[in-house]
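This is what each chain is made of:
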Amino acid sequence: MPRPIRSRKKRSKKRGRPRRKVCPVCADKLELNYKRTEVLERFITERGKIVPRRISGVCAKHQRKISLEIKRARHIALLPYTVLGE
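All of the points below concern the structure found in this document.

Conventions we followed
- Residues numbered from 1 in each chain as written.
- Predicted model: local features only at pLDDT ≥ 70, side-chain atom pairs only at ≥ 80, totals over all residues.
- Heavy atoms only, no water.
- Helix = DSSP H or I, 4+ residues; strand = E, 2+ residues; numbered from the N terminus.
- Buried < 20%, exposed > 50% of the residue type's maximum accessible area, 1.4 Å probe, protein only.
- Contact = heavy atoms within 4.5 Å.
- Areas by Shrake-Rupley, 256 points an atom, 1.4 Å probe, with all protein chains shown as cover.
- Expected span 1.5 Å × (residues − 1).
- Salt bridge = Lys/Arg side-chain N within 4 Å of Asp/Glu carboxyl O.

Overview of the overall build of the protein chain
When helices and strands are tallied, the protein chain shows 4 helices and 0 strands. When the helices and strands of the protein chain are read in sequence order from the N terminus, they spell out α-α-α-α. Within the protein chain, the fraction of its 86 residues that count as buried is 28%. Intrachain contacts of the protein chain at a sequence separation of at least 6 include 57% that bridge at least 24 residues. For the protein chain, the computed accessible surface area is about 8,100 Å², with 52% contributed by carbon and sulfur atoms.

Following this line, the structure appears as structure tokens:
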């Protein structure tokens, strides 16, 4: 009885862990303040959600500070909670 033909999955040559992201707040020495919306907008999506750490590469300390400042800016209407009309 003939053996069934199996497709072989191609494996990538680059193995191991991906390079660790550097915290942009630590690296650029950004000042996190609810009044500086241009800085905070880097850490929210176009729909208004806060970007998680694993995607943005921010350290835990600064992620807590970012989320607090975004919530403060939303509360006084400097940043939107959501995008209207979608």
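Focus on unusual backbone geometry
Despite not being glycine, Lys 29 shows a phi value in the positive range, around 50 degrees. When you line up the elements, Lys 29 lands in the loop between α1 (24-28) and α2 (37-40). Of note in the backbone geometry, Ala 77 takes a positive phi value of approximately 65 degrees without being a glycine. Along the chain, the position of Ala 77 falls in the segment after α4 (60-75).

Considerations on α4
The end-to-end C-alpha distance of α4 is 23 Å, a good match for the 22 Å that 16 residues give at a rise of 1.5 Å each. The elements touched by buried residues of α4 are α1, α2 and α3 (53-56). At the C-terminal side of α4, Ala 77 shows a positive phi close to 65 degrees.

Here we look at the pattern of salt bridges
What the rule picks out here adds up to 3 salt bridges. Residues Glu 69 and Lys 65 are paired through a salt bridge, measuring 3.2 Å at the closest nitrogen-oxygen approach. Here the residue Glu 69 and the residue Lys 65 both occupy positions in helix α4, the gap between them amounting to 4 residues, near one helical turn. Residues participating in the shared-partner salt-bridge network are Lys 65, Glu 69 and Arg 72.

By themselves, these figures tell us nothing about what the structure is for.
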